[in-house]
Amino acid sequence: MASVKEQFLSVFPELIDEIVAPDRDEPSVAKHILEAIKHLEKVLEYNVKGGKLNRGLAVLATVQCLAPNKAPTAKQQRQAMVLGWCVELLQACFLVADDIMDHSETRRGQPCWYKKEEIGLIAINDAFLIKSTVYILLKKYFSDEACYTQLVELFLKVTYQTELGQCLDLLSAPTDRIDLDKFTLQKYQSIVIYKTAFYSFYLPVALAMHMMGFGSEANLKVANDILLPMGEFFQVQDDYLDCFGDPSVTGKVGTDIEDNKCSWLVVQALAKVTPEQRQILQENYARQDSACVSKVKSLFTDLNLKQTFLDFEDETFIKLKELINQQHALPDEIFTSFLEKIFKRNK
């Protein structure tokens with residue numbers, strides 16, 4: 001029997017066909033627009049499937065937890081898969097745009113979409129196209145459901161929150177200057193909660209809760225209060241892996257140091273440095289130079305930030321487990337399954 005992930009993947013080609021078929025098969029559509037539709041199919045194939053799919057699979061897992069006897073109906077299972085792919089589509093939209101803004105080279109072990117010779121800045125419009133497909137699928141599968149408005153509004157709200165987080169991230173990382181005083185823990189937390197936690201952790205669970213009739217304000221607050229700190233934890237791991245991870249495992253070459261990012265590592269470093277070490281950061285951070293990057297990484301190592309991260313990871317895991325155990329509104333498994341997937345991850 002196919003695994004849940006295999007079943008989830010098997011649905012994707014069907015959804016691509018459902019997205020493009022109305023325009024592709026409509027006789028009144030100008031034949032030249034078919035070129036754009038074929039391009040969209042290539043965009044979706046290249047950018048959506050290659051990740052770990054944790055966000056999409058989290059929708060399925062949450063629906064199963066909330067279903068009577070943990071046995072969703074065939075219709076609920078299909079709708080959960082559609083919502084899961086909607087989250088993955090939104091993720092792909094963000095990543096295509098993010099890679100352009102961060103001047104990244106690789107994503108998921110292959111060249112970034114904009115880095116493909118025939119694509120370039122066409123990728124900006126491709127990101128818009130990917131985001132539009134979310135609402136095509138929502139209308140097709142949920143327009144007759146009571147939860148339709150909540151689902152659409154949730155996607156709109158979380159997209160806006162993520163874009164605000166990305167904006168703050170970019171404003172904190174100007175390309176023409178470095179201001180270490182801007183790298184504070186408070187600013188870092190604001191960036192990661194808005195840029196990562198809302199869409200990566202809260203969104204998949206909240207979608208499933210609305211779909212299954214558990215979307216009360218009180219229940220959503222319980223989910224929010226656990227999942228946002230979990231999302232922050234996830235981003236701290238990402239920042240650590242950007243610097244110290246193995247690109248052959250993570251699938252991407254980290255660029256946070258060169259890109260002047262307000263990352264968890266530089267925030268922690270600034271809390272520990274001597275005046276002399278701070279000067280090393282000032283002179284080498286945000287430089288597009290491999291020797292400068294090496295000096296910053298050496299400084300992070302001298303400051304024992306690897307151990308600082310490992311301690312943080314263990315402490316945060318315990319705190320999150322306590323938060324999960326303290327609530328009784330929702331099945332613990334919704335949250336523990338997320339936590340187990342990300343704890344001690346290496347990619």
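These notes cover the structure that comes with them. These figures come from a predicted structure and were not determined experimentally.

Core analysis: the largest hydrophobic core is formed by 84 residues, its most contacted members being Phe155 and Met230. If you tally residues by element for this core, the top one is helix 4 (residues 74–101), at 14 residues. Excluding its chain neighbours within four sequence positions, the residues that come into contact with Phe155 are Leu83, Cys86, Val87, Leu90, Val134, Tyr135, Leu138, Leu203 and Leu207. Phe183, Trp264, Leu305 and Phe309 belong to the second largest nonpolar core, which has 28 residues in total.

Phi angles above zero are rare outside glycine, and His103 is one such case at about 55 degrees. Along the chain, His103 falls in the loop between helix 4 and strand 1 (106–107). One non-glycine residue, Asn260, lies in the positive phi region at around 65 degrees. Examined against the element boundaries, Asn260 turns out to sit in the loop between helix 9 (247–250) and helix 10 (264–270).

Turning our eyes to something else, we now look at the side chain of Glu313. Tracing the backbone shows Glu313 in helix 13 (residues 305–326). Setting aside residues up to four positions removed in sequence, Glu313 forms contacts with Phe233, Gln237, Phe343, Lys344 and Arg345.

For any two helices packed against each other, the geometry comes down to the angle between their axes and how far apart the axes lie. In the contact formed by helix 4 and helix 7 (residues 185–211), the axes pass within 10 Å of each other and the chain directions differ by 165 degrees. Here helix 4 is positioned roughly antiparallel relative to helix 7, judged by the angle of their axes. Here helix 4 runs over helix 7; the crossing is right-handed. Within the contact between the two elements, helix 4 uses Gln76, Gln79, Ala80, Leu83, Val87, Leu90, Gln91, Phe94 and Asp98 and helix 7 uses Lys195, Tyr199, Leu203, Pro204, Leu207 and Met211. Residues that form the contact of helix 4 with helix 7 fall into these classes: 10 nonpolar, three polar and two charged.

On the surface, a nonpolar cluster with roughly 320 Å² of combined accessible area is contributed by Leu121, Ile124 and Phe128. Inspection of the secondary structure puts Ile124 in helix 5 (residues 122–142).

The rules we used
Residues numbered from 1 in each chain as written. Predicted model: local features only at pLDDT ≥ 70, side-chain atom pairs only at ≥ 80, totals over all residues. Heavy atoms only, no water. Core = buried A, V, L, I, M, F, W, Y, C linked by side-chain atoms within 4.5 Å. Buried < 20%, exposed > 50% of the residue type's maximum accessible area, 1.4 Å probe, protein only. Helix = DSSP H or I, 4+ residues; strand = E, 2+ residues; numbered from the N terminus. Contact = heavy atoms within 4.5 Å. Axes fitted to C-alpha atoms, helices over the stretch in contact; angles between N-to-C directions. Parallel < 35°, antiparallel > 145°, perpendicular 65-115°, else oblique. Left-handed = near helix turned anticlockwise from the far one by under 90°. Nonpolar A, V, L, I, M, F, W, Y, C, P; charged D, E, K, R; others polar. Patch = residues over 30% accessible without salt bridge, like charges linked within 9 Å, V, L, I, M, F, W, Y side chains within 5 Å. Areas by Shrake-Rupley, 256 points an atom, 1.4 Å probe, with all protein chains shown as cover. Salt bridge = Lys/Arg side-chain N within 4 Å of Asp/Glu carboxyl O.

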